[in-house]
Amino acid sequence: MNAIDMDKVRALESLPDDELENRIRAVRAQYGKDICLLAHLYQRKRITQLADFSGDSFGLSKKASEFDGGKYIVFCGVRFMAESAAILGRSDQEVIHPDPEAGCPMADMANLTEVQKAWEAIQGSGTVIPVTYMNSTADIKAFCGKNGGTICTSSNATQTFKWALERGQKIFFLPDEHLGRNTAIRFGISEKDIAVWDPEKEDGGQAGAYPNAKVILWRGYCPVHQKFTVRDVEHVRRFYPKSRIVVHPEVPKEVAELADAVGSTGFIQEYVKNQTEPGDELFIGTEINLIQNLAADYPDRKIHKLHRSLCLTMYQITLGRILYALENIENFERVVVPEDIKHYSRVALDRMLKLV
Ligand code: 13P
Ligand code: SF4
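These numbers were taken from a predicted model, which means no experiment stands behind them.

A separate point is the overall build of the protein. Scanning the protein for helices and strands turns up 15 helices and 13 strands. Computed over the C-alpha atoms, the radius of gyration of the protein is 21 Å, within 12% of the 21 Å expected from 2.2 N^0.38 for a compact globule of 356 residues. In terms of overall dimensions, the protein has C-alpha extents of about 60 × 55 × 35 Å along its principal axes. Looking at the protein as a whole, 54% of its 356 residues qualify as buried. Side-chain charges in the protein split into 44 positive and 49 negative, and the spacing between the mean points of these groups amounts to 4 Å.

Within this structure, the stated rule accounts for zero disulfides. Not engaged in a disulfide, the cysteine C76 finds its nearest cysteine sulfur in C36; these two sulfurs lie 10 Å apart. Given a relative accessible area of 0%, C76 falls into the buried group.

Glancing now at the packing of aromatic side chains. What the rule picks out here adds up to 11 aromatic pairs. Each ring, one from W119 and one from F143, has its centre 5.4 Å from the other, and the planes form 85 degrees; the classification is edge-to-face. Of this pair, W119 sits in helix α6 (residues 112–121) while F143 sits in helix α7 (residues 138–146), and the two are 24 residues apart along the sequence. The exposure classification of W119 matches that of F143, with both residues buried. Between Y240 and F283 the ring centres are 4.8 Å apart and the planes differ by 50 degrees, which places this aromatic pair in the tilted class. Of the two residues, Y240 is situated in the loop between α10 (230–239) and β10 (244–247) and F283 in strand β12 (residues 281–285); the sequence distance between them amounts to 43 residues. Look at Y240 and you get partly exposed, because its relative accessible area is 34%. What links up through ring pairs into an aromatic cluster is the set W119, F143, F172 and W218. The ring of F67 is capped by K33, whose NZ or CZ atom sits 5.3 Å from the centre of that ring. Directly above the ring of Y315 sits R44, whose terminal nitrogen or CZ lies 3.8 Å from the centroid.

Using the criterion set out here, one finds 28 salt bridges in the structure. Across the pair D92 and R90 runs a salt bridge whose closest N-O atoms are separated by 3.0 Å. Each of E177, R181, E191, D198, K201, R219 and K253 takes part in a single network of salt bridges with overlapping partners.

Moving on to the site of ligand 1. Taken together, the neighbourhood of ligand 1 is formed by H40, Y42, D56, S57, M81, N135, S154, H225, H248, E250 and T265. In the model, an oxygen atom of ligand 1 is placed 3.3 Å from a nitrogen or oxygen of the N135 side chain. One nitrogen or oxygen atom from the side chain of E250 is found 3.0 Å from an oxygen atom belonging to ligand 1. One can see that ligand 1 is located within the largest pocket. Residues that form the shell around ligand 1 fall into these classes: two nonpolar, seven polar and two charged.

What follows deals with the sheet that holds strand β8 (residues 194–197). The five strands lie next to each other as β6-β5-β7-β9-β8, forming an open sheet whose pairing is parallel. Of all the strands in the sheet, the pair left with one neighbour each is β6 (150–152) and β8. Geometrically, the sheet is characterised by an average inter-axis angle of 25 degrees between neighbouring strands, direction not taken into account. As paired elements, strand β5 (residues 128–133) and strand β7 (residues 170–174) share five bridges and run parallel to each other. Across the sheet, the residue bridging to T132 is L174, located in β7. Relative to the sheet, α6 contacts β5, β7, β8 and β9 (215–218), its axis offset from that of β7 by approximately 165 degrees.

This brings us to the site of ligand 2. Around ligand 2, the structure places Y42, V78, C104, P105, M106, N135, C222, P223, V224, E250 and C311. Judged by its atoms lying within 2 Å of the grid points, ligand 2 is housed in the largest pocket. Counted by class, the shell around ligand 2 contains nine nonpolar, one polar and one charged residues.

Conventions used here
Along each chain, numbering runs from 1 in the same order as the chain's sequence is written. Key to labels: chains lettered from A, ligands numbered from 1, both in the order written. Thresholds applied to this predicted model are a pLDDT of at least 70 for local features of residues and 80 or more for the giving and counting of side-chain atom pairs; totals over whole chains, interfaces and linings are not thresholded and use all residues. Only hydrogens and water are set aside when side-chain values are computed; all heavy atoms of the structure are taken into account. Labels follow the DSSP assignment, with helices taken as runs of H or I lasting at least four residues and strands as runs of E lasting at least two, numbered in each case from the N terminus. The globule rule used here is 2.2 Å times the number of residues to the 0.38 power, and the radius of gyration it is set against is calculated over C-alpha atoms. Working definition: with a 1.4 Å probe on protein chains only, accessible area under 20% of the residue-type maximum means buried, over 50% means exposed, and in between means partly exposed. Residues scored as charged are limited to Lys and Arg (positive) and Asp and Glu (negative), so that His and the chain ends carry no count. Positions of charges follow a simple convention, taking NZ of Lys, CZ of Arg, CG of Asp or CD of Glu. Two cysteine sulfurs form what is called a disulfide whenever their separation falls within 2.5 Å. Each Phe, Tyr or Trp ring (for Trp, its six-membered ring) is paired with any other whose centre lies within 6.5 Å, and the angle between the two planes then decides the class: stacked below 30 degrees, edge-to-face above 60, tilted in between. Two thresholds decide whether a charge sits over a ring: the Lys NZ or Arg CZ must be within 6 Å of the ring centre and within 35 degrees of the ring normal. Within this document, salt bridges are pairs made up of a side-chain nitrogen of Lys or Arg and a carboxyl oxygen of Asp or Glu, the two lying within 4 Å of each other. Residues are classed as near a molecule or strand on a simple rule: at least one heavy atom within 4 Å of it. Two N or O atoms form a polar contact when they lie within 3.5 Å of each other; inside protein one atom must be a possible hydrogen donor and the other a possible acceptor, and for residues adjacent in sequence the pair counts only when both atoms belong to side chains. Using only the protein atoms, space was sampled on a 1 Å grid; points where a 1.4 Å probe fits but cannot get out form cavities, open sets with protein on both sides within 12 Å along at least five of seven lines form pockets, and lining residues are those with an atom within 4 Å of a point. Grid points define the cavity or pocket, and a molecule sits in it when more than half of its atoms lie within 2 Å of them. As a working rule, the residues Ala, Val, Leu, Ile, Met, Phe, Trp, Tyr, Cys and Pro are called nonpolar, Asp, Glu, Lys and Arg charged, and the rest polar, with Gly in that last group. One requirement defines pairing of two strands: DSSP has to find at least two bridges between them. Lines fitted to C-alpha atoms define the axes here, with helix axes fitted over just the stretch in contact, and angles between the N-to-C directions of these axes take values from 0 to 180 degrees. Only heavy atoms matter for contacts: two residues are in contact if any of them lie within 4.5 Å across the pair.

So this is what it looks like as structure tokens:
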């Protein structure tokens with residue numbers, strides 16, 4: 001595999017979008033069904049409309065593994081998504097991530113060494129079941145698989161909590177504190193039974209609370225969704241009283257509690273499709289490109305952002321990067337998940353899939 005030639009990438013990125021799109025279409029026509037181009041809905045419209053499929057992270061990985069062909073899966077999203085496609089993909093498929101440096105900051109907030117340290121420290125008062133959000137690195141997924149735990153998406157987190165508490169006395173939830181707290185509260189667990197493990201503190205920061213806690217949350221967050229505030233909601237309620245507010249469960253609890261609906265990327269997409277009518281006004285608290293994609297798909301609804309919310313690493317995937325990966329597809333680096341990590345990640349994923 002060849003190293004990425006950044007001068008060539010920059011030269012491509014300076015070309016007009018129309019030219020890049022035509023060249024991307026030309027490579028795709030040459031390879032036919034051998035290429036399966038996936039775009040997460042946080043990608044720009046120009047990218048989602050070139051893709052075979054666009055959608056949420058888990059849905060895309062499943063689509064790729066079921067695709068008739070797809071020797072090369074080109075995943076336009078962040079690294080954990082491309083890794084998930086490699087975990088779920090068939091043995092005859094190879095995964096390509098157009099910008100291998102585009103990681104999800106939240107997924108990268110939980111590294112295996114720190115997680116293992118926390119895991120050891122919280123043992124001793126009842127069985128702990130680890131649950132990781134899909135937005136985590138492959139080795140954290142494998143850690144959960146190895147230790148009797150599972151994976152969740154933002155759509156099935158509540159079912160996962162039920163599954164875990166049928167098997168143990170407490171849940172260790174990674175890496176998003178907000179999704180964990182929002183789910184625990186929705187599940188009926190009170191704040192006093194929730195503790196937080198802060199990896200930046202030697203003993204996690206709440207040593208006295210872990211033995212009695214029902215849920216221990218890793219102190220990670222999404223820099224995009226954490227920025228939504230109660231003031232954003234109050235502003236909309238005051239100036240747009242007839243509108244509704246829908247947010248992603250990675251937002252802080254105070255914001256989720258005030259919203260009209262809370263749900264994943266897929267949920268928000270379905271909400272706009274099935275629960276709004278022409279003329280309805282909606283403020284959405286999630287990544288800006290999903291909002292812009294929905295506004296373009298439903299021009300007869302008034303769809304707005306709740307606040308500025310660009311995911312910078314999603315934005316690192318450009319038409320120029322995609323074209324470079326496609327024109328160098330035979331030699332472009334692959335997303336490789338080591339076999340043992342893949343195995344235990346699948347163990348955790350299979351537990352989740354039985355719940356869906
Ligand atoms: P989904 O898993 O809902 O696609 O979300 C991905 C994400 O990055 C949320 O911020
Ligand atoms: Fe990660 Fe947040 Fe970006 Fe999603 S929006 S990829 S959770 S940083």
